[in-house]
Amino acid sequence: MAQRLIPLKRSDACRSCSTPLDVGVMAWWDPGSRSVECTTCRSGDAEVGRPSQTIDPGNPGGSSIERYERLHAKRDAAIEKKWGRFSGVVKFLTDDPQSTTAWRSGSEGERKLASHLTERLGDRVVLLHDRRVPRTRGNIDHLVIAASGVWIVDAKLRKGLIELRDVGNWFTVDRQLYVGGRRQTKLVEDMSWQVDAVRRAIGEPNVPVRPAVCFVDGEWRLFRKPIELNGVLVCWPQKLVEKISDDGSLRAEDVLAVAGHLASSLPAKAPSRRMNHDI
């Protein structure tokens, strides 16, 4: 059985260094030997004979831009087949359909948000981008592992006013997310499968998992406030940074251990340069 990172329910001692471990401390549990290992020994790897693990942060917006390029190339090929030597003129006078350009915009939004998070949060967190969820066709835009928990962030580059409306009647409350006058509650609902995937990957229910939809260039009313809808935070980049920066229960070694586990369980779809976090 696979080892898991868990908060201890009883006092124990690390099997590698014999350091006492109190109740609630995050440690690696080996169900086979029924022993625990502290996150320090797990990260050092010297005594357990494992190579130092590296984290691939992924490529922000990588999947989206690859999808856009495939659709764009498919359209170009169709034009060339139909118009022959006049295809250059047709390409110049026509644009990709919105269903294609949306992937390019999505990639831009992911890259902008990744840059903002990197600049504002720096080494206080571990950032994982464009993660593949095994046995599905979906991906997760950003994972931010911080003391406050594991943040699942869906980046959106949408124009228009972002607001929460109650569309119920006199007797019921029906809160819905609207962007530019269009109902967009599905953006919040779509976070549920991502939360399930991350919780399964972590394998420990006591690690906080916090979903967020972040509008990179959205419009907000004066005296704006973030929106909480069905357990999902809907906000702008700076507010997201503030929430991630809140105090939490994860220690530095816990953050690194959880990040390493997620990086291997939810691999990057478009790998980038590798970053050592000495896990």
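Heads up: the structure comes first, above all this text.
A few points on the structure. These numbers were taken from a predicted model, which means no experiment stands behind them.

1. Regarding the packing of aromatic side chains
Thought 1: Per the counting criterion, the structure on display carries one aromatic pair.
Thought 2: Both rings, one in W220 and one in W236, keep their centres 4.9 Å apart while their planes meet at 65°; by these two values the pair is edge-to-face. Taken together, the residues span a long stretch of sequence, with W220 in the loop between β12 (209-215) and β13 (227-229) and W236 in the loop between β14 (232-235) and α7 (237-244) at a distance of 16 residues. Of the two residues, W220 and W236, both sit in the buried class.
Thought 3: A cation over an aromatic ring shows up here: R224 above the ring of W236, its NZ or CZ 4.1 Å from the ring centre.

2. Topic: the side chain of T185
Thought 1: Residue placement: T185 occurs in the loop between β11 (182-183) and α5 (186-189).
Thought 2: Among the residues examined, T185 registers a relative accessible area of 6% and is labelled buried.

3. Re the sheet that holds strand β9 (residues 162-166)
Thought 1: Taken in spatial order, the three strands line up as β9-β10-β11 in an open sheet, and their pairing is antiparallel. Each having just a single partner strand, β9 and β11 make up the two edges of the open sheet.
Thought 2: Across five bridges, the pairing between β9 and strand β10 (residues 175-179) is antiparallel. What sits directly across from I162, in β10, is V179.

4. Details of unusual backbone geometry
Thought 1: In this model, S18 sits at a positive phi of 65°, which is unusual for a non-glycine residue.
Thought 2: On the secondary structure map, S18 appears in the loop between β2 (12-13) and β3 (20-21).
Thought 3: Even without being glycine, R34 reaches a positive phi, approximately 55°.
Thought 4: Tracing the backbone shows R34 in the loop between β4 (26-30) and β5 (35-38).
Thought 5: For R34, a relative accessible area of 62% corresponds to the exposed category.

5. Considering the sheet that holds β14
Thought 1: An order of β6-β7-β8-β12-β14-β13 is seen for the six strands of this open sheet, with the pairing classed as mixed. The two strands at the open ends of the sheet, each matched to only one other strand, are β6 (126-132) and β13. Strand-to-strand twist across the sheet, computed as the mean angle between neighbouring axes with direction ignored, equals 25°.
Thought 2: By the bridge criterion, five bridges tie strand β7 (residues 139-146) to strand β8 (residues 149-156) in an arrangement that is antiparallel. Each bridged residue has a counterpart across the sheet, and for I145 the counterpart in β8 is V150.

6. Here's the deal with the pairing of β12
Thought 1: Among the seven residues in β12, six count as buried, and that is most of the element.
Thought 2: With seven bridges joining them, β8 and β12 adopt parallel strand pairing. Bridge pairing in β12 links I152 to P211.
Thought 3: Across three bridges, the pairing between β12 and β14 is parallel. Bridging from a neighbouring strand, A212 pairs with L233 of β14.

7. Quick word on helix α6 (residues 191-202)
Thought 1: With twelve residues, α6 ought to run about 16 Å at 1.5 Å a step, and its terminal C-alpha atoms sit 17 Å apart, in line with that.
Thought 2: Those residues of α6 that fall on the buried side of the exposure criterion are M191, Q194, V195, A197, V198, A201 and I202. All buried residues of α6 project into a common sector of 165° when viewed along the axis, lining one side.
Thought 3: Just downstream of α6 lies G203, where phi reads positive at about 75°.

8. Comments concerning the state of the cysteines
Thought 1: The final tally for this structure, using the stated rule, is zero disulfides.
Thought 2: For C14, which is in no disulfide, the shortest distance to another cysteine sulfur is to C38 and amounts to 3.7 Å.
Thought 3: Take C14: its relative accessible area is 3%, and that puts it in the buried class.
Thought 4: For the unlinked cysteine C235, the closest cysteine sulfur is that of C214, found at 4.7 Å.

9. A few points about the pairing of β5
Thought 1: Burial along β5 is two-sided: S35 and E37 and V36 and C38, pointing in opposite directions, are all buried.
Thought 2: Strand direction decides the pairing type here: β4 and β5, joined by four bridges, are antiparallel. When the bridges of β5 are listed, W29 appears paired with V36.
Thought 3: Taken together, β4 and the strand that follows it, β5, pair antiparallel across an intervening segment of four residues, in which R34 is found at a positive phi of about 55°.

Criteria and cut-off values
- Residues numbered from 1 in each chain as written.
- Predicted model: local features only at pLDDT ≥ 70, side-chain atom pairs only at ≥ 80, totals over all residues.
- Heavy atoms only, no water.
- Phe/Tyr/Trp six-rings, centres within 6.5 Å; stacked < 30°, edge-to-face > 60°.
- Helix = DSSP H or I, 4+ residues; strand = E, 2+ residues; numbered from the N terminus.
- Buried < 20%, exposed > 50% of the residue type's maximum accessible area, 1.4 Å probe, protein only.
- Lys NZ or Arg CZ within 6 Å of the ring centre and 35° of its normal.
- Pairing = 2+ DSSP bridges.
- Axes fitted to C-alpha atoms, helices over the stretch in contact; angles between N-to-C directions.
- Expected span 1.5 Å × (residues − 1).
- Arc of directions from axis to C-beta.
- Disulfide = S-S within 2.5 Å.

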